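A closer look at the structure
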Amino acid sequence: MSKIRILSAILAAATLLSTFCACGKSDAEVGTTANTDADTAVVTEAETEISDDLPDDLNYNGDEVVILSRYREGWTSGEIAVEKVIGEPVNDAVYERNKAVEERLGVKLVSVEEPGDSAYIVTNKASTSVKSGTHEFDILAAACYVAVNESLNGTFADMRKSLYIDFDKPWWSQGYNEVVEYQGAQFCGLSSALLSQYRFAFVTLFNKDLFAERNQPLLYEYVDNGTWTLDKQISLIPVFHVDNGNGVQDEEEDIYGFVSCDYVSTDPYWSSCMVDIIKKNAEGEYEFVFDSGKLHSVCEKVLELFYETNNGTYDYKMEIENAEQYKIRDMFGRGGAAMATIRILEMENEAIRGMKQEFGVVPIPKYDEEQKEYRTLLHDQFTVFSILTTVSKKEGRLDEIGAVLEAMSSVSYKTVRPAYYETTLRTKIAKDPQSARMFDIIIDNIYIDAGIIYTIPLSTFHNYFREIVGSKENTVISQYKSVTTMASRALTTMSKRLTRMINNPKK
């Protein structure tokens, strides 16, 4: 059953209202170029003077704006709406943000949350609503990879046609715009209102106590001098491996140098090792730039990382709805591994926050020392906004919904984003100044490839790398020879569908 929250239009605190029009700098941006133009993650005082351009006299006379989203505890819970102030910074910032939007625009925000693990649950519901011609929902907040796929079906309106959405403003992720904008149209948007853009970033955790016991430099040193590479991580794993004496891997009795998963947790290497799939050409059209030779070389190192460390790596296999990620978190949290590939959201769990030993955080390692920069991949489950096409049926309503999204995004940059990034992530979760600094490197270098977020229409192109790593045999060249041909055709079809939809939008 859906959870429906009607957010009361109570007057926001005067201090909050005064900051509503004074919002800050851009999100950690994502892009299609190797050197992203991401701004630093910390908001400066001067940047808080940036304001949105919404007219002061906008008033929609109590109109209800319905936001459909997925509720998954620990993943997307509390991202769109919360029930009350509880004294927790992020929760309270979300609550006050929604009150401020309601007060400023004269709307009533209604949050409809569909509980469930499946990413498809809300896109299917939105699609059904549009196809039936009903107007149940205005805004959809859904996992990126299912949202961009659903956009090809004409379910969403072109957000760039809304008068009040200004994608040039810093609360919209500019790099993400570059990825999903196509021929002047855009059907999904990523803004400061959506904290999953940070929480779904892959990082490397390391156990500082174990490093000290083995007289090893902390990983910050390697990051700073540019030597934090796959080869470096591989070389460190045997240093920490402790077998209980029986010569076989025991999940709870041995200590490992590295714990990860050979399926979802191999995705970060596409970005961290700079293996691009799709970029835009000079005409703004998608084209394949995939280099199977580069991926083959990356695969050699990843296979060594997982399987050639004398049992020093513990490899969890994929489980339903990413349950293996919790096992990675728990093993690391109890001190069972010196390093782990993990998503930031797992660091919010008590298994990590309550660790008896101290931990640090660094980016996913680079391919080699010649690579100049670190890159971060977001798990494709991060949330994006879309506006349902049924909104366009009523005159002026697309502008109204655009105003709501612009307002939610601008105020979130000043309040919700700092509550999470500065207060929770860099202060409460980070255990030392070095980790806080590493978070800036990690977030500022988020990189999203259209070839990954459009995985469904592209015949799950990047998923084959997961299967290859899991097979323990480097078949990249042969496997991707046929896969690339298939995906190239799929890209042509996808581009035609986008063009057709842009030229003949559903009304």
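Below, the structure is looked at part by part. (Residues numbered from 1 in each chain as written. Predicted model: local features only at pLDDT ≥ 70, side-chain atom pairs only at ≥ 80, totals over all residues. Heavy atoms only, no water.)

**Description of helix 2 (residues 89-105)**
Helix length check: helix 2 (17 residues) gives 24 Å between terminal C-alpha atoms against 24 Å at 1.5 Å per residue, within 8%. Among the 17 residues that make up helix 2, 14 are buried, leaving the element largely enclosed by the rest of the structure. The N-cap residue of helix 2 is E88: its side-chain oxygen and the backbone nitrogen of V90 are 3.1 Å apart. (Helix = DSSP H or I, 4+ residues; strand = E, 2+ residues; numbered from the N terminus. Expected span 1.5 Å × (residues − 1). Buried < 20%, exposed > 50% of the residue type's maximum accessible area, 1.4 Å probe, protein only. Polar contact = N/O pair within 3.5 Å; in protein donor to acceptor, adjacent residues only side chain to side chain.)

**With respect to helix 18 (residues 463-471)**
Within the span of helix 18, buried status applies to N463, Y464, F465, R466, I468 and V469. Buried residues along helix 18 sit in contact with helix 10 (268-272), helix 11 (292-307) and helix 19 (476-503). Among the residues trailing helix 18, K472 stands out with phi positive, at a value near 70°. (Contact = heavy atoms within 4.5 Å.)

**So, the packing of aromatic side chains**
As enumerated under the stated definition, the model contains 24 aromatic pairs in all. Considering the side-chain rings of W75 and F200, the 5.4 Å spacing of their centres and the 75° angle between planes classify their relative orientation as edge-to-face. Residue W75 is found in the loop between strand 2 (63-71) and helix 2, and its partner F200 is found in the loop between helix 6 (196-199) and strand 5 (202-207); the two are separated by 125 residues along the sequence. By relative accessible area, which is 1% here, W75 ends up buried. Consider the rings of Y464 and Y480, whose centres lie 6.3 Å apart with planes at 80°: the pair is edge-to-face. Residue Y464 is found in helix 18, and its partner Y480 is found in helix 19; the two are separated by 16 residues along the sequence. Across the pair, exposure class does not vary: Y464 and Y480 are buried alike. Grouping aromatic residues by their ring pairs yields a cluster made of W270, F288, F290, F461, Y464, F465 and Y480. The positively charged end of K294 is found above the aromatic ring belonging to Y367, 5.1 Å away from the centroid. In this arrangement the basic side chain of K366 is found over the ring face of Y374, its NZ or CZ atom lying 5.0 Å from the centre. (Phe/Tyr/Trp six-rings, centres within 6.5 Å; stacked < 30°, edge-to-face > 60°. Lys NZ or Arg CZ within 6 Å of the ring centre and 35° of its normal.)

**What about unusual backbone geometry?**
A positive phi angle is found at N311, which is not glycine, with a value near 70°. In this structure, S459 is a non-glycine residue whose phi angle is positive, near 60°. Structurally, S459 can be placed in the loop between helix 17 (450-453) and helix 18. By relative accessible area, S459 is classed as partly exposed at 22%.

**Quick look at the pairing of strand 12 (residues 383-387)**
Where burial is concerned, most of strand 12 is hidden: five out of the five residues are buried. Residues T383, F385 and I387 of strand 12 are buried on one face, and the alternating residues V384 and S386, pointing to the opposite face, are buried as well. Pairing of strand 4 (residues 139-143) with strand 12, which is carried by five bridges, proceeds in the antiparallel orientation. Each bridged residue has a counterpart across the sheet, and for I139 the counterpart in strand 12 is I387. (Pairing = 2+ DSSP bridges.)

**Structural notes on the pairing of strand 2**
Burial analysis of strand 2 places seven of its nine residues in the buried class, which makes it a mostly covered element. Relative to strand 3 (residues 107-115), strand 2 runs parallel, the two being bridged by nine bridges. When the bridges of strand 3 are listed, E64 appears paired with K108. In the classification by handedness, the crossover that spans strand 2, the intervening helix 2 and the parallel strand 3 is right-handed. Examined bridge by bridge, strand 2 and strand 4 share three bridges and lie parallel to one another. Bridging across to strand 4, I67 finds its partner in I139. (Right-handed = clockwise from strand over helix to strand, strands pointing away.)

**A short note on the pattern of salt bridges**
Scanning the entire structure with this criterion turns up 27 salt bridges. A salt bridge links D138 to R397; the nearest nitrogen and oxygen atoms lie 2.8 Å apart. In this pair, D138 sits in the loop between helix 3 (120-132) and strand 4 while R397 sits in helix 14 (residues 397-414), placing the two residues 259 residues apart along the sequence. Each member of the pair D138 and R397 is classed as buried. One salt bridge in this structure joins R437 and D224, with 2.9 Å as the shortest N-O distance. Linking R437 in helix 16 (residues 433-444) with D224 in helix 8 (residues 219-225), this pair joins segments that are 213 residues apart in sequence. When salt bridges with common partners are traced through the structure, they connect D63, D138, R397 and E400 into a single cluster. (Salt bridge = Lys/Arg side-chain N within 4 Å of Asp/Glu carboxyl O.)

**Regarding the side chain of D315**
Within the secondary structure layout, D315 lies in strand 9 (residues 313-316). For D315, a relative accessible area of 15% corresponds to the buried category. Separated by 3.0 Å, the side chain of D315 and the backbone nitrogen of D262 make a polar contact. At 3.0 Å, the side chain of D315 forms a polar contact with the side chain of K317. With residues up to four places along the chain from it excluded, the contact list for D315 reads S260, C261, D262, F306 and Y307.

**Examining the environment of I477**
If you trace the backbone, I477 turns up in helix 19. Residue classification places I477 among the partly exposed residues on the basis of a relative accessible area of 43%. In this structure the C-alpha to C-alpha distance between I477 and R489, which are twelve residues apart in sequence, comes to 19 Å. Not counting residues within four places of it along the chain, the set of residues in contact with I477 comprises S292, G293 and H296.

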